[in-house]
Amino acid sequence: MRNFILDTDWGEDCDDAVATRILLRSAKNGEINLLGIGINTLTEYSAPSLYEFCKKEGHIVPIGIDKTCPKTEGANRYQPRLARNSDKTTADFKNAVDLYRELLARANGKVEIITIGFLQIIEQLLKSEPDEISDLSGYDLFKSKVEKLWVMGGKWDGQGEREFNFC
């Protein structure tokens, strides 16, 4: 069975909710093994709302969040609604890099990472040092455990255009 980690900017765009729902349902149906989800943006409601979304889908997975990134405030419509009845706060969730190191170190077999959004968690993972989770550096852990890295890219065909998630 294929192992996946989802890395998402879990914001107001529908791509994150749709991708998350597809992976959660595939995992719930026994078609894949969804090891965990990392959030690469930080709002007051990011992690609690994703937790509640997973709960409503009937498949709870470990969630980590990049607590080092700047907190963003936006016109997010669904996060507050999902999180309003949650007993969770951002403090209840692990740092995403630590979560990824744990998931990769414990994984039975190779792992595929799907990233939708910003790439700083992947960067921080690659730069991470050996620790109590694994005596491998992040680069070596990634090299030994990650079979594929799926990266959502955007529009590159215009002169001088830059892809938002990469810039």
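Preceding this paragraph is the structure being described.
Residues numbered from 1 in each chain as written. Predicted model: local features only at pLDDT ≥ 70, side-chain atom pairs only at ≥ 80, totals over all residues. Heavy atoms only, no water.

Draft legend 1. Structural view of the overall build of the protein. Scanning the protein from N- to C-terminus turns up six helices and six strands. Listing each helix as α and each strand as β along the protein from the N terminus yields β-α-β-α-β-α-β-α-β-α-α-β. For 167 residues, the compact-globule estimate of 2.2 N^0.38 gives 15 Å, and the protein sits close to it at 16 Å. Residues counted as buried form 48% of the 167 residues belonging to the protein. Counting only contacts in the protein whose residues sit at least 6 apart along the sequence, the fraction spanning at least 24 positions is 80%. As displayed, the protein has an accessible area near 9000 Å², and 51% of this comes from carbon and sulfur atoms. Of note, the protein has its 22 positive side-chain charges centred 5 Å away from the centre of its 27 negative side-chain charges. (Helix = DSSP H or I, 4+ residues; strand = E, 2+ residues; numbered from the N terminus. Rg over C-alpha atoms; globule rule 2.2 N^0.38 Å. Buried < 20%, exposed > 50% of the residue type's maximum accessible area, 1.4 Å probe, protein only. Contact = heavy atoms within 4.5 Å. Areas by Shrake-Rupley, 256 points an atom, 1.4 Å probe, with all protein chains shown as cover. Lys, Arg positive; Asp, Glu negative; His and termini not counted. Charge placed at Lys NZ, Arg CZ, Asp CG, Glu CD.)

Draft legend 2. Spotlight on the pairing of strand β5 (residues 111-116). Extensive coverage of β5 is indicated by the burial of five of its six residues. Both strand β1 (residues 3-8) and β5 contribute to a ladder of six bridges, which runs parallel. Note on β5: the bridge partner recorded for leucine 6 is isoleucine 114. In this sheet, strand β6 (residues 146-151) lies alongside β5 in parallel orientation, the contact comprising five bridges. Paired with isoleucine 113 across the bridge in β6 is leucine 149. (Pairing = 2+ DSSP bridges.)

Draft legend 3. The arrangement of helix α2 (residues 46-57) in detail. Look at α2: 17 Å from first C-alpha to last across 12 residues, which is about the 16 Å you get at 1.5 Å a residue. Extensive coverage of α2 is indicated by the burial of 10 of its 12 residues. Positive phi shows up at glycine 58, right after α2, with a value of about 80°. (Expected span 1.5 Å × (residues − 1).)

Draft legend 4. Focus on the sheet that holds β1. The six strands are arranged β4-β3-β2-β1-β5-β6 in an open sheet whose pairing can be described as parallel. Since the sheet does not close on itself, it has two edges, and those belong to β4 (94-95) and β6, each with one partner.

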